[in-house]
Each structure stands twice: as structure tokens, then as C-alpha cells.
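Observations on the model geometry
Here's the letter readout for the chains.
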Amino acid sequence: MGVRGVRGFVAGTVVAAVVAGAGVVGTGTAVAAAPAVTCTSAKAGLAAKLKKDITAALKNRSGTVAVGLYDRKTKTKCELRGGTSYDSASIVKVTVLAALLWDYKKTNRLLTTREASLAKAMITKSDNAATSTFWRQLGTTKIKKFLKAAGMKKTVPGADGYWGLTRVNIKDEQRLLSLITTKNSVLSDGSRAYLMKLMNQVISSQRWGTPAGAPSSTKKYVKNGWLPRAQYGWRVHSIGAFQGGGRDYYMTVLTHGNRNMNYGVATIQAVAKAIHKDLAPGTAAAQRYVPTATPRGAIPAVPEAPGVADVAGGAGVPVG
């Protein structure tokens, strides 16, 4: 969804960080080298290749980027800025639905027809009103209980109903994807299947980000989010899982400090393409997923910062 006036926001409101290597910020003061991508793998040579290719994908990209990857088949893990926190934007909607299903599991309660309709709209179309309904229904107490049960130790729910400002990080988002994609004691098999079903049905204009370059032989489970604000510019995030065709892996890419939404999408998709290429090297270009050229998403409501007009319009008014 387009945002009027966003592209022309005042220069200087975005705080850029150098992604790789040492750099210069603002006044010319030298800053320490940014953290490097770390990878481990049971498959010889794969960790080094992923580290090299993810680093190359981020070369000369502005903003602050965090990456998480886990491949069950090769026991491969990659991470960059695993503990750095970001405003969640709409990727928190997966957590909201997971928390609701976890809560209902305790009493064997099923979603009502209305709740199922809201859940579908929340995940497949990134509907904000549906998310707010569930957020109020659960309350932060139950959401925090779910986060504790899920082992998402550093995720902090947004205050005053602003769920899009929930603080998230790579480690916790990867933990959530792990719970959704494999049997565990937190989410029932039915809940996991339901979450994956909806994440596989996200509308085409919102299937950008981590699916870029994925083998067509895999099923793609995705949820994206974006949120522009005066400080740190555009937050653009994507979480995705990929199963089938002999593959079973999931990844998270979180970004902020992007000058516009499309820039953040391009950064995420460059990382995703590198990862998919390394994990499925024999896949021809024609057999890889190509996202829409005009990505869309939903912008959560946010409060206006004191004395600063938010890029998205401020005053907690949803845009888009």
C-alpha cells in the first residue's frame, strides 16, 4: 500500500549504520567494524560459502541489518546481529496468532468462525484491525506468558496497544519459526499446521522478502512487515520457512535505517537470494521464486514522537 508524502521526508532523519567493515557516520568520526556474519555447518564448505555470500549481499548497503538462518538438513546456522532489537512492524502478527492458539490449547478451545476469519485476514492480508482485536483480547499478560513459554526471552510487547512497536530480534524470531515448523510442546500440531497454512496463503503483493530466489519445489511460509518513522527511517522485515523438495530451512532478516521501503526490500531479497542459492545450488534460475515487483504491506499504527512528526503520519493513525 502506498504512503503519501513518505518518500519526501526530511533528509537526516535516518540514522545509517555501516553494514560491513569500518565506516564513517555523520561528522566523519570513525566507528568500529560492524559485527561479522557467523556460520557453522555439518556440511563441509557450506558455512564459509554462506558467510562469504551473505557478506557480499550486504556490501555497500546502508542501514542496520540482522540475519538469522537455520537449515535442518545440514545443521547449518548463520547469524548477524542476533541480539539487536528492532520495532517489529507486522511480523509480530505471527506471534499474536501463535499466542492465541497457545492460550486456547490449554482449554482445548477452538477458534470461532469470526476469529478464524480475523486470523486469516491478519496473516494473509496483514490486516491491522484484526491484529488489534486479538491484541486487546489477549492482553499483554497472556502475550508475555506465551513469550516465556516459547523461550522468546528478549521480545518485548509494544506498550499502550501499539503492537507494531513490539521489540523483536533474530534469536527470538528464529525460535518462533522453529516452533512453527517442527513438533514441540508449546504449539500443538494443529496450531502449527494452521499457522503454516496461513503463512503459505499470503497474498502475492506481500510475498516479497525471504522467499526471493527460493526453489519452486519448496512450500514458502512468509510474513513481512514495514514501518516508517522519523528516527531510524524505514523498518523492513521478513521471516520465512521453506520445506519440500528435500529442503527444510527458515530465515529471518530484520532491517532499519532504510531510506525507503523498496530499499529495505531489496536488501532483504539480496540476502535471501544468496542463502537460497547456497542451500539449493543445483536449482536453475527459471525454477526459483520471483516476488512481485510492486511489494505491498500494512503499516501499523504508531504514536507520534514528542516534537517529531512520524513519517507515516503520526498520531497513531494507520496509513496504507
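Before any of the text, the structure's been laid out above.
The text that follows walks through the structure, step by step, so that each part is easy to find.

How each quantity is defined
- Residues numbered from 1 in each chain as written.
- Predicted model: local features only at pLDDT ≥ 70, side-chain atom pairs only at ≥ 80, totals over all residues.
- Heavy atoms only, no water.
- 1 Å grid on protein atoms, 1.4 Å probe; cavity = no way out; pocket = protein on both sides within 12 Å on 5 of 7 lines; lining within 4 Å.
- Points joined across faces, edges and corners; volume = space filled by probe spheres on them.
- Nonpolar A, V, L, I, M, F, W, Y, C, P; charged D, E, K, R; others polar.
- Phe/Tyr/Trp six-rings, centres within 6.5 Å; stacked < 30°, edge-to-face > 60°.
- Helix = DSSP H or I, 4+ residues; strand = E, 2+ residues; numbered from the N terminus.
- Buried < 20%, exposed > 50% of the residue type's maximum accessible area, 1.4 Å probe, protein only.
- Contact = heavy atoms within 4.5 Å.
- Polar contact = N/O pair within 3.5 Å; in protein donor to acceptor, adjacent residues only side chain to side chain.
- Disulfide = S-S within 2.5 Å.
- Salt bridge = Lys/Arg side-chain N within 4 Å of Asp/Glu carboxyl O.
- Core = buried A, V, L, I, M, F, W, Y, C linked by side-chain atoms within 4.5 Å.

Quick look at empty space enclosed by the protein
Counted according to the given criterion, the structure contains 1 cavity of 30 Å³ or more. In this structure, the largest cavity encloses a volume near 50 Å³. If you go around the largest cavity, the residues you meet are Ser90, Ser126, Gln206, Trp208, Lys223, Asn224, Gly225, Trp226, Arg296, Gly297 and Ala298. Residue classes in the lining of the largest cavity are distributed as 3 nonpolar, 6 polar and 2 charged.

Focus on the packing of aromatic side chains
Taken as a whole and judged by the stated rule, the model has 5 aromatic pairs. With a centroid separation of 6.1 Å and an interplanar angle of 20 degrees, the aromatic rings of Trp208 and Trp226 are classed as stacked. Here the residue Trp208 occupies a position in the loop between helix 6 (189–199) and strand 8 (219–228), and Trp226 occupies one in strand 8, the gap between them amounting to 18 residues. Taking relative accessible area as the criterion, Trp208 reaches 1% and is therefore assigned buried.

Topic: the environment of Leu101
Note that Leu101 resides in helix 2 (residues 92–105). Taking the C-alpha atoms as reference points, Leu101 and Phe146, separated by 45 residues in sequence, lie 9.8 Å from one another. Non-local contacts of Leu101, meaning those with residues more than four positions away in its chain, are made with Leu111, Ser191, Tyr194 and Leu195.

A word on the side chain of Gln243
With respect to the element layout, Gln243 can be found in strand 9 (residues 234–244). Accessibility expressed as a relative area gives 19% for Gln243, which makes it buried. For Gln243, the side chain forms a polar contact with the main-chain oxygen of Thr181, separated by 3.4 Å. Among the polar contacts listed, one links the side chain of Gln243 to the side chain of Asp248, at a separation of 3.2 Å. What Gln243 contacts, discounting residues up to four positions off in sequence, is Arg72, Thr181, Met196, Thr218, Lys219, Tyr221 and Asp248.

A closer look at the state of the cysteines
For the structure on display, the rule yields 1 disulfide. Two residues, Cys39 and Cys78, share a disulfide whose sulfurs are 2.1 Å apart. In this structure the cystine formed by Cys39 and Cys78 twists about its S-S bond by roughly 115 degrees; its chirality is therefore right-handed. With Cys39 in strand 3 (residues 38–40) and Cys78 in strand 5 (residues 76–80), this pair connects stretches of sequence that are 39 residues apart. Just as Cys39 is buried, Cys78 falls in that class too.

Focus on the pattern of salt bridges
Enumeration over the complete set of coordinates arrives at 13 salt bridges. Asp53 is paired through a salt bridge with Lys49; the nearest N and O atoms lie 3.3 Å apart. Of this pair, Asp53 and Lys49 both sit in helix 1 (residues 46–58), 4 residues apart, roughly one helical turn. Taking the relative accessible area as the measure of exposure, Asp53 reaches 13% and is therefore buried. For Lys49, a relative accessible area of 41% translates into the label partly exposed.

Quick notes on unusual backbone geometry
Positive phi outside glycine occurs at Asn60, with the angle close to 70 degrees. Its place among the elements puts Asn60 in the loop between helix 1 and strand 4 (64–71). Owing to a relative accessible area of 71%, Asn60 belongs among the exposed residues under this scheme. If you check the backbone angles, Tyr232 has positive phi at about 70 degrees while not being a glycine. Residue position: Tyr232 is located in the loop between strand 8 and strand 9. Judged by its relative accessible area of 30%, Tyr232 falls in the partly exposed class.

Examining the nonpolar core
Ranked by internal contacts, the top residues of the largest apolar core, which has 46 residues, are Leu97, Phe146 and Leu187. Put simply, the parts of the chain that give this core at least two residues each are helix 2, helix 3 (113–124), helix 4 (128–150), helix 5 (170–181), helix 6, strand 8, strand 9 and strand 10 (247–258). In terms of residue count, helix 2 provides more of this core than any other element does, 10 residues in total. Counting 35 residues, the second largest nonpolar core, distinct from the first, contains Leu58, Ile268, Ile275 and Leu279.

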